[in-house]
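# Structural features, examined
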Amino acid sequence: MSFLKQINPFESAMKQFDKAASLIKLTESQIAMIKEPRRITEVNLPVRMSDGSIRIFKGFRVQHSIVRGPAKGGIRFHPSVTVDEVKALAFWMTYKCAVVGVPFGGGKGGVMCDPNELTPTELENLSRRYFAEMSDLFGPDSDVPAPDVNTNPQIMCWMFDTYSMHKKQFLPGVITGKPLELGGSEVRSEATALGMVFCVEEATDHLNIDLKKATIAIQGFGNAGSYAAKLLKEHGSKIVAISDISGAYYNSDGIDIDKALETCRKNKTWILTGLEKNTPCEKLEDPGTLLELVVDILIPAALENQITAENAPNVRAKVIAECANGPVTPEADEILEKKNVFIIPDILCNAGGVTVSYLEWVQNRMGYYWSKERINEDLEHIMKKSFDEVLEKSKTYKVDMRIAAFLLAIERVTKAAELRGLYA
Ligand code: NAD
């Protein structure tokens, strides 16, 4: 774990950018306009705890780019949040939105906290305080957050309410990932995983892998990972391993995903503890070995820096579908490319979330709400078109899918920056 923490995700993101930018020979001025974050805000958040004491939490919001539209990106609650992590995540949002062509820039927020240690009231106080402190940045036309690790639709509601009370208007377009009852969109909960599945369908078609017979390992069983397991099982694929912070669980005949979901529900917090007692599977001694199993498709859906130069040589999957942001380091990328592992990069693979967030924002602004069928159709169209455009770029430039996705996105962001010019 100490080794993992030494990898700076922002440095990894910059390496990815430089590699792609060198292929299209951007000028120094062009690079200066689109590479570094536009604005970094750091706040100390005083929160009254249930015992009456006051605790200070550190919070960040990074707006990487507002060139193609309002900054867009989730808010993460995690004890190990750092400004460099938030900078990297904001950077990836800029290029993710550009890859799928939704009219947003990139942003990300983070609060250093462990939500599992907070009472519901403390969590609400912290969420509201964060949003109030940052309310000059946020707005439907300036910066639109969403959920990320450890934040959820309830937290989005508290944040939306805080903003609306400050502005004395009903402004659901300030945040996405809300529940249906309060301006949320159909399909938003499963959007990230569903978008990933559309990419996996395209990738397996391209590689002649039968998805119905594919074996799959999934790291992380939260919003992205649990829906990924459920949707791929519905496709007929065999989910042989799943994991979360409680450990990794394996069954070569396939894990019963309904039982896994039931286990989380029974535990009352979304965690797989005790799964091996509820359904046939073994708990792996070292959860990291999940990443090294012989499977057709490996889906990292937890945190960044999971596949590194250390374990990449042992990866035996044919396809890696990056549901998480930044799960593969640049050094691991090079190793995996030599091993011919087909990687569907995060800025494409997990863009289903921001795509349906965009559709939610559009619906909020119209005050008119679309059916599940319509959202599904739009999401499928956008994801498959984007996958095909990235694949085409990778063939034209003879590069892997990650560099191809960055090429496509960098061209779009650069063009928009050029068209806008400089206000001085
Ligand atoms: P989540 O908080 O709902 O779930 C995270 C999961 O990862 C949990 O099951 C947790 O137990 C597990 N986890 C944490 N550390 C782990 C470890 N070391 N090993 C194994 N499992 C571990 O978060 P989420 O929303 O599902 O996000 C997961 C990833 O997907 C993040 O990288 C996030 O940025 C990315 N992502 C999420 C969305 C979205 O819409 N939720 C969209 C795009 C990208």
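Before going into details, it helps to say that this report is about the structure given with it. All residue numbers refer to positions counted from 1 along the written sequence of the respective chain. Given that the model is predicted, a residue must reach a pLDDT of at least 70 before its local features are reported, and side-chain atom pairs must reach 80 or more before they are shown or counted; all residues, however, enter totals for whole chains, interfaces and linings. Here the side-chain values reflect all heavy atoms present in the structure, with hydrogen atoms and water set aside.

## Thoughts on the packing of aromatic side chains
Pairing of aromatic side chains requires ring centres within 6.5 Å, counting the rings of Phe and Tyr and the six-membered ring of Trp. Pairs whose planes differ by under 30 degrees are stacked, by over 60 edge-to-face, and all others tilted. According to the stated counting rule, one finds 13 aromatic pairs in the structure shown. Residues Tyr95 and Phe406 carry aromatic rings whose centres are separated by 5.9 Å and whose planes lie at 50° to one another, so their mutual orientation is tilted. Residue Tyr95 is located in helix α4 (residues 83-100), and its partner Phe406 is located in helix α15 (residues 401-420); the two are separated by 311 residues in the primary sequence. Here Tyr95 and Phe406 have matching classes, each one buried. Joined through ring pairs, the aromatic side chains of Phe17, Phe91, Tyr95 and Phe406 make up one cluster. Only DSSP runs of H or I reaching four residues or more are called helices, and only runs of E reaching two or more are called strands; each is numbered from the N terminus. Partly exposed describes any residue whose relative accessible area lies between the buried limit of under 20% and the exposed limit of over 50%, with all areas from a 1.4 Å probe on protein chains only and scaled to the type maximum.

## A look at the site of the ligand
We call a residue near a given molecule or strand whenever any one of its heavy atoms falls within 4 Å of it. Inspection of the region around the ligand gives 22 residues, with Asp148, Thr192, Asn223, Ala224 and Asn325 positioned closest. For this analysis, a polar contact is any N or O atom pair within 3.5 Å, provided that within protein one partner can donate a hydrogen and the other can accept it, and provided that sequence-adjacent residues contribute only side-chain to side-chain pairs. Contacts to the ligand include Thr192, whose side-chain N or O atom sits 2.6 Å from an oxygen atom. Phe221 places a polar main-chain atom, nitrogen or oxygen, 3.0 Å from an oxygen atom of the ligand. Within the complex, 85% of the 820 Å² of free accessible area of the ligand lies under protein. Among the secondary structure elements, those contributing two or more residues to the shell around the ligand are α8 (223-234) and β7 (238-244). Under this grouping Gly is polar, as are all residues other than the nonpolar Ala, Val, Leu, Ile, Met, Phe, Trp, Tyr, Cys and Pro and the charged Asp, Glu, Lys and Arg. Considered class by class, the residues forming the shell around the ligand number nine nonpolar, nine polar and four charged. Each domain span listed reflects an automatic or database assignment of domains. The two domains that each donate at least three residues to the shell around the ligand are domain 1 (36-172) and domain 2 (191-344). In short, Shrake-Rupley with a 1.4 Å probe defines the accessible areas, and a residue's cover is counted only from the protein chains shown.

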